[in-house]
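Geometric and topological summary
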Amino acid sequence: MVEDPLATATCLQITREVGFDRLLRAEQPGTTACPLPFRADSVRTARDVTRSTLDDWGLSELGDDAALVVSELVTNAVRYARGNRHITLLLMRAAPHVLLAVADPSDEVPTPKEPDFISENGRGLYIVETYSECWGWDCLDGGGKAVWALFHTGS
């Protein structure tokens, strides 16, 4: 996939303006935050919340791609972020975009691997990159990170 510098700059500007710490602490209009426990079944909950939220926002056409990306982000958080704290799914509508983020207590930087299409693991961030306009991560003030993906809504 060829990286578009303008899209990357737009993504970085949007995520820096969002302020994940602020969004995770308080409800904002056009934002849904859902705490999730460190369990494998949190992936299903995250998909359901994502689809339901997008339906409520009239953006059901993003549902399948967004649910797939959220599945990968939550799976990575459950797999790599150790501890007894929860993770948080955040969805934010910032027309003409939707931002999906998963915050976890790990300070480990998400690192894409060369996709191995035979293996059962290792394709998560490749899938995130493929289905979203762009993705990245931001450190949280109290430790941990938010890994995010941006989708264009077409409206």
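Summary of the structure given here. Only a predicted model underlies this, so the values are computations on that prediction, with no experimental measurement involved.

**Here's the deal with the environment of Val43**
Residue placement: Val43 occurs in helix α3 (residues 42-56). For the pair Val43 and Leu73, spaced 30 residues apart in the sequence, the C-alpha separation amounts to 8.7 Å. Sequence-distant contacts of Val43, defined by excluding residues within four places in its chain, comprise Ser71, Val74 and Thr75.

**What to know about the pattern of salt bridges**
Going through the model one piece at a time under the given rule, you end up with three salt bridges. Between Asp41 and Arg39 there is a salt bridge whose closest N-O contact spans 3.0 Å. A relative accessible area of 43% means that Asp41 is categorised as partly exposed. The class of Arg39 is partly exposed, set by a relative accessible area of 47%. Between Asp64 and Arg51 there is a salt bridge, with the nearest N and O atoms lying 3.0 Å from each other.

**Some remarks on the packing of helix α4 (residues 63-80) against helix α5 (residues 124-131)**
At their nearest, the axes of α4 and α5 sit 9 Å apart, and the two run at 150° to each other. Here α5 runs roughly antiparallel to α4, going by the angle between their axes. The interaxial crossing formed by α4 with α5 has left-handed handedness. Where α4 approaches α5, its residues Asp65, Leu68, Val69, Glu72, Leu73 and Asn76 are matched on the opposing element by Gly124, Leu125, Ile127, Val128 and Tyr131. For the contact of α4 with α5, the class distribution of residues is seven nonpolar, two polar and two charged.

**Regarding the side chain of Asn76**
Residue placement: Asn76 occurs in helix α4. We classify Asn76 as buried; its relative accessible area is 19%. Not counting residues up to four positions away in its chain, the partners in contact with Asn76 are Ala81 and Leu125.

**What about the nonpolar core?**
In summary, soluble globular proteins display a tendency toward joint burial of nonpolar side chains. Core analysis: the largest hydrophobic core is formed by 27 residues, its most contacted members being Val74 and Leu89. Elements that contribute at least two residues to this core include exactly β1 (31-36), α3, α4, β2 (87-94), β3 (97-104), α5 and β5 (145-152). A per-element tally of this core places α4 first, with six residues. Among all residues touching Val74, those that are not within four sequence positions of it are Leu36, Ser42, Val43, Ala46, Ile87 and Val102. Listed in part, the seven residues of the second largest apolar core include Leu90, Met92, Ala101 and Trp148.

**Digging into the environment of Met92**
Structurally, the position occupied by Met92 is in strand β2. Given the relative accessible area of 16%, Met92 is considered buried. Considering only alpha carbons, one finds Met92 and Thr53, 39 residues apart in sequence, at a separation of 9.6 Å.

**With respect to unusual backbone geometry**
In this structure, the amide linkage connecting Ala95 to the following residue, Pro96, adopts the cis form with an omega of 5°. Inspection of the secondary structure puts Pro96 in the loop between β2 and β3.

**A few points about α4**
For α4, which comprises 18 residues, the first-to-last C-alpha distance of 25 Å matches the rise-based estimate of 26 Å (1.5 Å per residue) to within 8%. Within α4 the residues assigned to the buried category are Gly63, Ala66, Ala67, Val69, Val70, Ser71, Glu72, Leu73, Val74, Asn76 and Ala77.

**A short note on the packing of α3 against α4**
Close contact between α3 and α4 brings their axes to 9 Å; oriented N to C, the two are set at 150°. Considering their axes alone, α3 and α4 lie roughly antiparallel with respect to each other. The crossing of α3 and α4 is right-handed. For the pair α3 and α4, the contacting residues are Ser42, Val43, Ala46, Arg47, Thr50, Arg51 and Leu54 in the first and Gly63, Asp64, Ala66, Ala67, Val70, Ser71, Val74 and Thr75 in the second. Classifying every residue of the contact of α3 with α4 gives seven nonpolar, five polar and three charged.

What counts, and where the lines are drawn
- Residues numbered from 1 in each chain as written.
- Predicted model: local features only at pLDDT ≥ 70, side-chain atom pairs only at ≥ 80, totals over all residues.
- Heavy atoms only, no water.
- Helix = DSSP H or I, 4+ residues; strand = E, 2+ residues; numbered from the N terminus.
- Contact = heavy atoms within 4.5 Å.
- Salt bridge = Lys/Arg side-chain N within 4 Å of Asp/Glu carboxyl O.
- Buried < 20%, exposed > 50% of the residue type's maximum accessible area, 1.4 Å probe, protein only.
- Axes fitted to C-alpha atoms, helices over the stretch in contact; angles between N-to-C directions.
- Parallel < 35°, antiparallel > 145°, perpendicular 65-115°, else oblique.
- Left-handed = near helix turned anticlockwise from the far one by under 90°.
- Nonpolar A, V, L, I, M, F, W, Y, C, P; charged D, E, K, R; others polar.
- Core = buried A, V, L, I, M, F, W, Y, C linked by side-chain atoms within 4.5 Å.
- Expected span 1.5 Å × (residues − 1).

These values are about where atoms sit, not about what they do.
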